[in-house]
Every structure is written in structure tokens, then in C-alpha cells.
Amino acid sequence: MRFNEIRWIVLMSALNHVAYAERILAIFGFENPTQYSFVESLLKRLVQRGHYVTTITYFSPEQSIPNLRNIVITENEILYNELLNTIIDPLDIDHFNVRGKLYSIGFKICENILGHESVQNLMRNEAFDLIFIDVIFSESLFGFAQHFKAPIVGLSTIGTTSRTDELVGNITPQSYASINRWYSQNINLWMRCLNVALYALERLHYYYEYIAMI
């Protein structure tokens, strides 16, 4: 009798574990392997707890893990390298030209993700309970939340930006936190005023140029 009770307890515990196994979609289309390692340990831990994880990257993982499926968008590797080269361009390049190029590359990366056959199959045939996503240049991918009726956990592996701060409600006073690569934080009053004006113009550029393109 005692053995039967223990057996039922073990069985119910196992069923409870299976019942709460979630299907998780993790989209990190802009990260290189080093940046991806920031979240890889989290995803592996979720798999160890019995969840099913599907990742979208532009590179293949170093090792295959059961219940961790990877969709590789190979054409985005070229775009990532282009994005990286744009970021490290000389400082005398026009600020809005750089921003426009970054937005254009980000748009193409998202377009490749959404148009990939494996991703299309996910959207037609599968369901997810939770979505992890890097928020940088990923606005067009936020629609996955509506499509799968699943909440999004937003992450950023490159640190803070004015857009990231806006999403999470961080206070970023532009009279102090410079968005110009040629300004340091030791700036005078006139430079602070220019920084605020540039930030306002950049927000207009973001919403009426980039978001309109999406």
C-alpha cells in the first residue's frame, strides 16, 4: 500500500512537470556568438527544466542540445558584418546617414527572418507560450506576440541605448547623457543644448523614417 502511494506521488509529479513544459521562441538575429552567450546559459537552463526552446540566429550553435532547436538565417551574417562596419565608421560621417544605414540594415535582417521558410512554417504550424527577443532593431518582430498570443521578454546584449531606455522606462536626460560619438560626458552648456536638439531630431527621424518603413 505504501509503495502504491509513493508511485502515485512520483507519477503525478512527473505529469505536473510535463503539463508545465512551455514552448519558447528566442529571436536573436543581431547577435554574434559572443553576444549570444549572454543568453545561451539561460536558454540551456530552461531546456534542462523540461521546456522546449527554438532559437533564431545567423550562426549554428557549437553543440546540439535535445529540446533546443536552432533556425539559422545564414544570409544575415553578411548584414551583421555590414552593421558592425557602419558602427565603427570614422566619426566625421554624417550622424543621420549613419542612423539611416543602421535602420536599413536592421530592417533587412528582420525581413530575412520573417521571410525565411522555417520561420514561415513556425507561424503556420506551431504555437509558443513565451518569446525572448533582443529589442534592438526588432520592432517589426514584436508582431510575433500578437501572432502567437504570447508575452515578450525583451533583452539587450549591447548595453543601453536611448531606444532601449524608452522601452523600459529608464531616465536618460539628454542634457547629460550624450548620444554623439564625438562628445564626451564633459560637455559645456552649449553642447548640452545641441545634444538635446539632436536627440529630438533623431526621434523624429526614427518615428517618421524608420518606423514608417516598417
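Bear in mind that the values here come from a model prediction, so they are computed numbers and not experimental data. (Residues numbered from 1 in each chain as written. Predicted model: local features only at pLDDT ≥ 70, side-chain atom pairs only at ≥ 80, totals over all residues. Heavy atoms only, no water.)

A. Region of the structure containing the nonpolar core. If you look at the biggest cluster of nonpolar residues, it comprises 28 residues, and the most contacted ones within it are Leu25, Ile27, Ile56, Ile113 and Phe137. Looking at this core, the elements that each hand over two or more residues are strand E1 (23–27), helix H3 (76–87), helix H4 (95–115), helix H5 (117–125), strand E4 (130–134), helix H6 (143–148) and helix H8 (189–213). When residues in this core are grouped by element, the largest group, seven residues, is from H4. Look past the residues within four positions of isoleucine 27 in its chain and what remains in contact with it is Ile56, Ile113, Ile131, Phe132, Ile133, Asp134, Leu141 and Phe144. In this structure, Leu46, Phe59, Ile65 and Phe132 belong to the second largest nonpolar core, which totals 16 residues. (Core = buried A, V, L, I, M, F, W, Y, C linked by side-chain atoms within 4.5 Å. Buried < 20%, exposed > 50% of the residue type's maximum accessible area, 1.4 Å probe, protein only. Helix = DSSP H or I, 4+ residues; strand = E, 2+ residues; numbered from the N terminus. Contact = heavy atoms within 4.5 Å.)

B. Spatial organisation of the pairing of strand E2 (residues 52–57). Where burial is concerned, most of E2 is hidden: five out of the six residues are buried. Two strands pair when backbone bridges link them, and E1 and E2 are joined in this way by five bridges, in the parallel orientation. Of the residues in E2, the one forming a bridge with leucine 25 is threonine 54. Between the parallel pair E1 and E2, the chain is carried across by helix H2 (residues 33–48), and the sense of this crossover is right-handed. Here five bridges tie E2 to strand E3 (residues 68–72), and the two strands are oriented parallel to one another. By the bridge assignment, threonine 57 is partnered in E3 with valine 72. (Pairing = 2+ DSSP bridges. Right-handed = clockwise from strand over helix to strand, strands pointing away.)

C. Representation of the pattern of salt bridges in the model. Counted by the stated rule, this structure contains three salt bridges. Measuring nitrogen to oxygen at the nearest pair gives 3.4 Å for the salt bridge that ties arginine 23 to glutamate 126. With arginine 23 in strand E1 and glutamate 126 in the loop between H5 and E4, the pair connects residues that are 103 residues apart, well separated along the chain. Between glutamate 40 and lysine 44 there is a salt bridge, and its shortest N-O distance comes to 3.9 Å. Note that glutamate 40 and lysine 44 are positioned in helix H2 at a spacing of four residues, about one turn of the helix. Classification of lysine 44 by relative accessible area gives partly exposed; the value is 23%. (Salt bridge = Lys/Arg side-chain N within 4 Å of Asp/Glu carboxyl O.)

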